[in-house]
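# Notes for the structure review
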2 protein chains.
Amino acid sequence: MSSTSRAPHTAPETAERIRDTAITEFAARGFSSTTVRGIAAAASVSPGLVIHHFGSKAKLRAACDDHVFETLTDIKRENPQAPPSLLAELLTEGPMRTYVEYFLKSMLDPSGQGQRFFDHYVAVLEQIIGEGFAGYAFRQAEDRRAQSTAIAVLALSPMLLEPRVRHALGTEDLAGSLARLAPCLLDLYRHGFITSEPDRQDLSTPSAAPGGRHDAPPAGPEGEASTTNEGDQR
Amino acid sequence: MSSTSRAPHTAPETAERIRDTAITEFAARGFSSTTVRGIAAAASVSPGLVIHHFGSKAKLRAACDDHVFETLTDIKRENPQAPPSLLAELLTEGPMRTYVEYFLKSMLDPSGQGQRFFDHYVAVLEQIIGEGFAGYAFRQAEDRRAQSTAIAVLALSPMLLEPRVRHALGTEDLAGSLARLAPCLLDLYRHGFITSEPDRQDLSTPSAAPGGRHDAPPAGPEGEASTTNEGDQR
DNA sequence: CGAGAGGTTGAACTCATGTTCAATATTGAA
DNA sequence: TTCAATATTGAACATGAGTTCAACCTCTCG
């Protein structure tokens, strides 16, 4: 349709349009729920053309993965030292939001590219934690890799669970939910949220940074799991 | 087969076995990926019998939701003040692990029951934060609801993303991943992970928090999103 | 023992989805 | 203009999944 007006005989434009449409669909509905027919309809082409250009749904997804990955890694290269607040708006409100949601869907879908995204994210975080970023300095843990992974996981979670947050807080949209959570998250990132702990000789843990790599001591209660339990506790 | 040996003509036992099998399958593969035929095969019955007992796949899922929800809420009622470490093992290593994974799958799947789970979780957390729990005391935020929600989200995330963590850290299983993350998470819960921040007069304005709701202090950039951006930063 | 009721099965039906394929349209080149 | 290559379509095919249904089995009750 609209492509025919501009495209020559060879129409890479159409393939790109299909790919971009697929990214949007994947980001909105997830991978398994998105159908080739749905993508084709959204791009105003026939289902066969989608397969013709990309070979299969799996290869189309691979193409989308590559494009999103490159776009996301380029974005930050273009804005190398932008303050976090601006990058936040850029990623949550601009056209990048689709790519971010695609990224999040990849995070939950068992796929090699999703893992690649995550590993890259952890590696970047590890460097940032070590060197600081934009004037921020971070706590240094013994097991730096685990620390980076933990922070990566925590940083992703508000967007992963944003639909649940939206309902729980009554917020309107993604930006609203994040804005509502932001002060709490920032406070937590600055000071934690545990102010005092029970006296326990039997479970006394090396309080500071007990995360010795591999050879870590039993370390007492599992921090994460314990919090989960407290939640289920009444 | 095995049921025929014990079950009378009326076999509520079979229906329960189908439901329990379905819970296991749902927890392992997710809802959309789990098939009625797969459940039937795992339970050694015919697909038609599954529908006969529950009416449809959706109703079967509703029955599973109810059962998991009741089981999880009962567990904590039975162990009211058990130390977090014991509850952790109970939920991650015992037979409850299946229910926990079912709960996590519900968290990511857009469904009413999943939201019910989450809302209940937030409510319980809010009470715990206010009153303390097992000797722990927690920071009190102005927006307590948002604080509870934030902590709920953060507490769930390590298990949600555990497959990614497993690959990133090279751990063997869920317990291994959590054990490796635990010291970092605990340290973060105690002290946060930001040690110093840049001096910024220009960004001290509410511009950072768009849609700033109620009286929550601007508190600078969005904690979550900013961290996400830092991650994409190189 | 006979009948009825419910449990259980296996095949079949319906629908959605990924994919294939022959046919047609379009375009740049000879 | 003619040709070859590519883009594009629409229908058809194959598969898998949820569901239906008639028949069979197994038990309880009269």
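Reference entry: report on the structure contained in this document.

### Focus on the protein's contact with DNA strand D
Close to DNA strand D lie 19 residues; T14 and S46 of chain A together with V36, R37 and K57 of chain B are nearest. Taking R37 of chain B, its side chain carries an N or O atom lying 2.6 Å from a base nitrogen of DNA strand D. Taken together, the elements giving at least two residues each to the surface near DNA strand D come down to α4 (47-54) of chain A together with α3 (36-42) and α4 (47-54) of chain B. At 4 residues, α4 of chain A tops the list of elements feeding residues into the surface near DNA strand D. Its residues assigned to classes, the surface near DNA strand D comprises 4 nonpolar, 12 polar and 3 charged.

### Structural notes on a negative patch on the surface
All names here are of chain A. Together, E89, E93, E172 and D173 make up a negatively charged patch on the protein surface. Examined against the element boundaries, D173 turns out to sit in the loop between α10 (162-169) and α11 (174-191). Take D173: its relative accessible area is 35%, and that puts it in the partly exposed class.

### Comments concerning the environment of P158 of chain A
Residue and element names in this part refer to chain A. Counting through the fold element by element, P158 comes out in helix α9 (residues 144-160). On the accessibility criterion, P158 (1% relative accessible area) is buried. In the structure, P158 is positioned 24 residues away from A182 in sequence and 9.7 Å away in space, judged by C-alpha atoms.

### Topic: unusual backbone geometry
With a phi close to 60 degrees, S44 of chain A is a non-glycine residue in the positive phi region. Counting through the fold element by element, S44 of chain A comes out in the loop between α3 (36-42) and α4.

### With respect to helix α7 (residues 96-108) of chain B
Between its first and last C-alpha, α7 of chain B extends 19 Å over 13 residues, near the 18 Å set by a 1.5 Å rise per residue. All of the buried residues along α7 of chain B are M96, Y99, V100, Y102, F103, L104, S106 and M107 of chain B.

Criteria and thresholds
Residues numbered from 1 in each chain as written. Chains lettered and ligands numbered in written order. Predicted model: local features only at pLDDT ≥ 70, side-chain atom pairs only at ≥ 80, totals over all residues. Heavy atoms only, no water. Near = heavy atom within 4 Å. Polar contact = N/O pair within 3.5 Å; in protein donor to acceptor, adjacent residues only side chain to side chain. Helix = DSSP H or I, 4+ residues; strand = E, 2+ residues; numbered from the N terminus. Nonpolar A, V, L, I, M, F, W, Y, C, P; charged D, E, K, R; others polar. Patch = residues over 30% accessible without salt bridge, like charges linked within 9 Å, V, L, I, M, F, W, Y side chains within 5 Å. Areas by Shrake-Rupley, 256 points an atom, 1.4 Å probe, with all protein chains shown as cover. Salt bridge = Lys/Arg side-chain N within 4 Å of Asp/Glu carboxyl O. Lys, Arg positive; Asp, Glu negative; His and termini not counted. Charge placed at Lys NZ, Arg CZ, Asp CG, Glu CD. Buried < 20%, exposed > 50% of the residue type's maximum accessible area, 1.4 Å probe, protein only. Expected span 1.5 Å × (residues − 1).

Function cannot be read off these values alone, since they describe shape.
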